[in-house]
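# Close look at the chain arrangement
Okay, here's what each chain looks like letter by letter:
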Amino acid sequence: MESKLTSELAEKFAAIALGHVTQQYPHKLDHVLNGPEDAREPKALHPIFYGSFDWHSCVHGYWMLLTLRRLYPDAPFAKEVEALSDRMLTEEKVASELAYLDREYSGGFERPYGWAWLLALHGEAARHEDRDWGANLEPLAREFAERFKLFLPKQGYPIRTGTHYNTAFALVLAHGWAETHDADLLGLIRERAGFYYGMDRDCQAWEPGGDEFLSSAMIEALAMRTVLGKADFAEWFAAFLPRLDIGEPASLFTPARPSDRSDGKIAHLDGFNLARAWCWRRIADALPEDLRAQAGQVADRHLAASLAHVEGDYMGEHWLASFAVLALTA
C-alpha cells in the first residue's frame, strides 16, 4: 500500500478525473428554480463545473488535476490537463459561473463546501504562473471570499456533521487560500475557529455517521492546528482528546467499512477514511513524540482501507481521488 503520492498513482488519478470533469450526466444539481425558464441542463447553468456528478466535485476534480500537473509537470497527462484547463478555465466561462451567483436565492449555493474548494482551486491555479488560469478564476474566488466574510460573523454555531456542511473543513481550505490572497479573511477565519472550537473539551467522537466523509473530531482538530502554533495546539488538543494515550476514543483509530460502494451515501465512508488519514498526518507535527508515531500508523491503516477503492463505481469515482491526494501529499 502506497503511503505517498507516486507517479503511478498520479497517472491513475489524473486519468480518472480527466474522464469525469466533463461528463455531464448523471448529475445532481444544487439549483433553485425561480420559474420554468430555470429548468436547464447543467452545462447551460455551469459552463465549467458541469461534470463529476455535482458542482463541488467538479471543482475539486480540477483542483486535483492542476495539483498533479504541478507535481508531475513532465508526466504524459500534464499536456492533457493543460489543454483541458486552457479550454475550460477561461475568462468568459468564469464570468458565466459568476453570473449564476447573482440569481435570486443563490446565497446558499454550495455553502460552505463548494466555496472552500473553489478557493482551493484558485489558490492552486495561481501557482501555475505560465498560464492565465489563476487570473481568470480570481473574480469567482473573490466572490466566494466575500460570501465567507458576510456569512461567518453571523454563523453563531459551527456545523459539526461530517458532510458538506461541515464548518471546520471549509475553514481549513479557506485558510490555505487566505494566507496568500486575503488577510482580512485570514483574520476572520482564525477568530471564528477559536470562537467555535476553542473551549471544546473531552470529545467523545461518536463517529462515523452512516453517510459521513469527514471525521467531525479530526477535522475540528485540523482546523485548530491550522490556526494555532504548535504549543497552543498541543495544549488545546490534550484537553480536546485527553485519553488518546490509552486508545480512546477507539473510533478515532478504526477505519470505517463501507457496506455498498454503489450507494452514493455509503460510499462516503471511503472518503471518511481518506480524510481522516489526511487529518492525522497534518496534525502529527504538533503531537507528543509517542502519539506522533501512532498518528502515522493510524493514517496508514485508514489509507489501506480505502485507497484501492477510488475507482470502480461512479458514486465514489467522481470524487474520491481528490481526497486521496489530500492524504498522500499531507
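Structure shown above.
Note that the structure is predicted; figures quoted are calculated from it, not measured. (Residues numbered from 1 in each chain as written. Predicted model: local features only at pLDDT ≥ 70, side-chain atom pairs only at ≥ 80, totals over all residues. Heavy atoms only, no water.)

## A look at the packing of helix 6 (residues 113-125) against helix 8 (residues 167-181)
The line we're drawing: Orientation is described by axes fitted as lines to C-alpha atoms, over the contacting stretch for helices, and by angles from 0 to 180 degrees between their N-to-C directions. Strands are runs of DSSP state E lasting at least two residues, helices are runs of H or I lasting at least four, and both sets are numbered from the N terminus onward. Two helices crossing with the near one rotated counterclockwise from the far one by less than a right angle form a left-handed crossing, whereas a clockwise rotation gives a right-handed crossing. Every residue pair with non-hydrogen atoms within 4.5 Å of one another is taken to be in contact. Charged means Asp, Glu, Lys or Arg here, nonpolar means Ala, Val, Leu, Ile, Met, Phe, Trp, Tyr, Cys or Pro, and polar covers whatever is left, Gly included.
Between helix 6 and helix 8, whose axes approach to 8 Å, the crossing angle comes to 35 degrees. Judged by the sense of rotation from one axis to the other, the crossing of helix 6 with helix 8 is left-handed. Across the interface between the two elements, Tyr 113, Ala 116, Trp 117, Leu 119, Ala 120, His 122 and Gly 123 from helix 6 touch Phe 169, Ala 170, Leu 173, Ala 174, Trp 177 and His 181 from helix 8. Among the residues making up the contact of helix 6 with helix 8, the classes are represented as ten nonpolar, three polar and no charged.

## With respect to the side chain of Ser 322
Cut-off, in case you're wondering: Burial classes follow relative accessibility: with a 1.4 Å probe on protein chains only, a residue under 20% of its type's maximum area counts as buried, one over 50% as exposed, and anything between as partly exposed. Each polar contact in these results corresponds to two N or O atoms within 3.5 Å; when the atoms are within protein, one needs to be able to donate a hydrogen and the other to accept it, and residues that are neighboring in sequence are counted only if both atoms are side-chain atoms.
Mapped onto the secondary structure, Ser 322 falls in helix 15 (residues 320-328). For Ser 322, a relative accessible area of 3% translates into the label buried. A polar contact of 3.0 Å, which involves the side chain of Ser 322, links it to the side chain of His 60. Ignoring anything within four residues of it in the chain, the contact list for Ser 322 reads His 60, Gly 61, Trp 63 and Met 64.

## Examining the state of the cysteines
Put simply, the test is: A pair of sulfur atoms, both from cysteines and within 2.5 Å, is called a disulfide here.
One pass over the structure, following the stated rule, counts zero disulfides. A disulfide-free cysteine, Cys 279 has its sulfur positioned 12 Å from the sulfur of Cys 203, the nearest such atom.

## Comments concerning the pattern of salt bridges
Selection rule: Whenever Lys or Arg places a side-chain nitrogen within 4 Å of a carboxyl oxygen from Asp or Glu, that contact is recorded as a salt bridge.
Summed over the entire model, instances satisfying the criterion amount to 24 salt bridges. Put simply, Arg 131 and Glu 82 hold a salt bridge, and the shortest N to O gap is 3.4 Å. Here Glu 82 lies in helix 4 (residues 76-88) and Arg 131 lies in the loop between helix 6 and helix 7 (133-151), a separation of 49 residues in the sequence. The exposure class of Arg 131 is partly exposed, given its relative accessible area of 25%. The salt bridge involving Arg 147 is made with Glu 143; its shortest N-O contact spans 2.9 Å. In this pair, Arg 147 and Glu 143 are both assigned in helix 7, four residues apart and thus about one turn of the helix distant. Bridged by salt links that share partners, the residues Arg 69, Lys 79, Glu 82, Asp 86, Asp 130 and Arg 131 form one connected network.

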